[in-house]
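Listed below, chain by chain, are the residues.
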Amino acid sequence: MESLKKKIQVEGIVLSSEVLKVDSFLNHQMDPSLMKQIGEEFAKRFRGENVTKIVTVESSGIGPALMTAYEMNVPLIFARKRKSLTLKNDVYTAKVFSFTKQEETEISISQKFISEHDRILMIDDFLANGQAALGLIEIIRQARAHLVGVGIVIEKAFQAGGEQLRRRGIRVESLVRVQSLKDGKVTFLEEVTA
Ligand code: G4P
Ligand code: NA
Ligand code: NA
């Protein structure tokens, strides 16, 4: 997605060879017209898959996931990271280990919002080691729902997540794939399109 690549080139800040900061349009301040384009692009790629629900994890996944849900005319459910007063028993939960933060968190989704009849599209802002995605996959498995695929705004292709998910036969659609963040520079993996 060229407009997204351009935005990353102009506004992205390479914090280290592993971390890209995009807080001016995605992770803190959000650019609604870019989010709308992102939603349209995911909707286009997964059109025909009969998606019934979008899922993501709070908080940074919500922007792109909501725009996708709007385009596909289906609800969005975001997994919660904190224990909520009103979210107690009837929940599916999974543990997610964050390499970045070196800590484990628990994510949960109320059982009433996903069922075996659902065809789920997972959307997230970043794909790094894939731990958040694996947590959501575990929740989808518990609900006996069907995972149609995973839509990622920025995949860091030099980390293991994308490879791991694809090896499991999961369809992963990333709008941009970053090959490297070396020398303070963002290099994209150029897609060979069939
Ligand atoms: P993983 O799920 O792919 O294994 O990711 P990891 O544990 O490495 O990342 C933890 C958090 O950091 C996630 O957000 C993830 O989206 C984010 N993240 C990973 N790599 C980058 C990066 O290069 N740049 C930025 N800006 N974020 C990155 P989170 O803490 O779960 O939540 P939230 O920010 O959505 O609230
Ligand atoms: Na995220
Ligand atoms: Na994040």
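Since this is a predicted model, take the numbers as computed values, not measurements. (Residues numbered from 1 in each chain as written. Chains lettered and ligands numbered in written order. Predicted model: local features only at pLDDT ≥ 70, side-chain atom pairs only at ≥ 80, totals over all residues. Heavy atoms only, no water.)

Participant: Would you take a moment to explain the UniProt feature "binding site: 5-phospho-alpha-D-ribose 1-diphosphate" (unreviewed entry) in the protein chain for this structure?
Facilitator: In the numbering used here, UniProt assigns the "binding site: 5-phospho-alpha-D-ribose 1-diphosphate" (unreviewed entry) feature to Ala 128, Asn 129, Gly 130, Gln 131 and Ala 132. Considered against the largest pocket, the annotated residues that line it turn out to be Ala 128, Asn 129, Gly 130, Gln 131 and Ala 132. Note that Asn 129 resides in the loop between strand S7 (119-127) and helix H4 (131-142). Classification of Asn 129 by relative accessible area gives buried; the value is 19%. Structurally, Gln 131 is set in helix H4. Setting aside anything within four residues of it in sequence, one finds Gln 131 in contact with Val 96, Phe 97 and Phe 99. (UniProt positions renumbered as here; feature names shortened; annotations may be inferred. 1 Å grid on protein atoms, 1.4 Å probe; cavity = no way out; pocket = protein on both sides within 12 Å on 5 of 7 lines; lining within 4 Å. Helix = DSSP H or I, 4+ residues; strand = E, 2+ residues; numbered from the N terminus. Buried < 20%, exposed > 50% of the residue type's maximum accessible area, 1.4 Å probe, protein only. Contact = heavy atoms within 4.5 Å.)

Participant: Mind showing me how you'd approach the side chain of Asp 125 here?
Facilitator: The residue Asp 125 is located in strand S7 in this model. For the buried residue Asp 125, which engages in no salt bridge, the nearest side chain bearing the opposite charge is Lys 81, 8.1 Å off. Of note is the side chain of Asp 125, whose polar atom sits 2.9 Å from the side chain of Asn 27. (Lys, Arg positive; Asp, Glu negative; His and termini not counted. Salt bridge = Lys/Arg side-chain N within 4 Å of Asp/Glu carboxyl O. Polar contact = N/O pair within 3.5 Å; in protein donor to acceptor, adjacent residues only side chain to side chain.)

Participant: How do you make sense of the pattern of salt bridges when you look at a structure like this?
Facilitator: Oppositely charged side chains may form a pair once their charged atoms are brought near each other. Taken as a whole and judged by the stated rule, the model has 17 salt bridges. Here Lys 95 and Glu 106 are joined by a salt bridge, their closest N and O atoms 3.1 Å apart. Taken together, the residues Lys 95 in strand S5 (residues 91-98) and Glu 106 in strand S6 (residues 103-110) connect sequence positions eleven residues apart. You can call Lys 95 exposed: its relative accessible area is 54%.

Participant: Would you mind going over the layout of surface pockets with me for this structure?
Facilitator: The rolling of a water-molecule-sized probe over the atoms marks out the regions of remaining empty space. The volume enclosed by the largest pocket comes to roughly 1100 Å³. Around the largest pocket, the lining is made up of 39 residues, and of these Ser 98, Thr 100, Lys 101, Asp 125 and Phe 126 lie nearest the centre. For the lining of the largest pocket, the secondary structure elements donating two or more residues are strand S2 (20-21), S5, S6, S7, H4 and strand S8 (146-156). Tallied by class, residues from the lining of the largest pocket come to 17 nonpolar, eleven polar and eleven charged. (Points joined across faces, edges and corners; volume = space filled by probe spheres on them. Nonpolar A, V, L, I, M, F, W, Y, C, P; charged D, E, K, R; others polar.)

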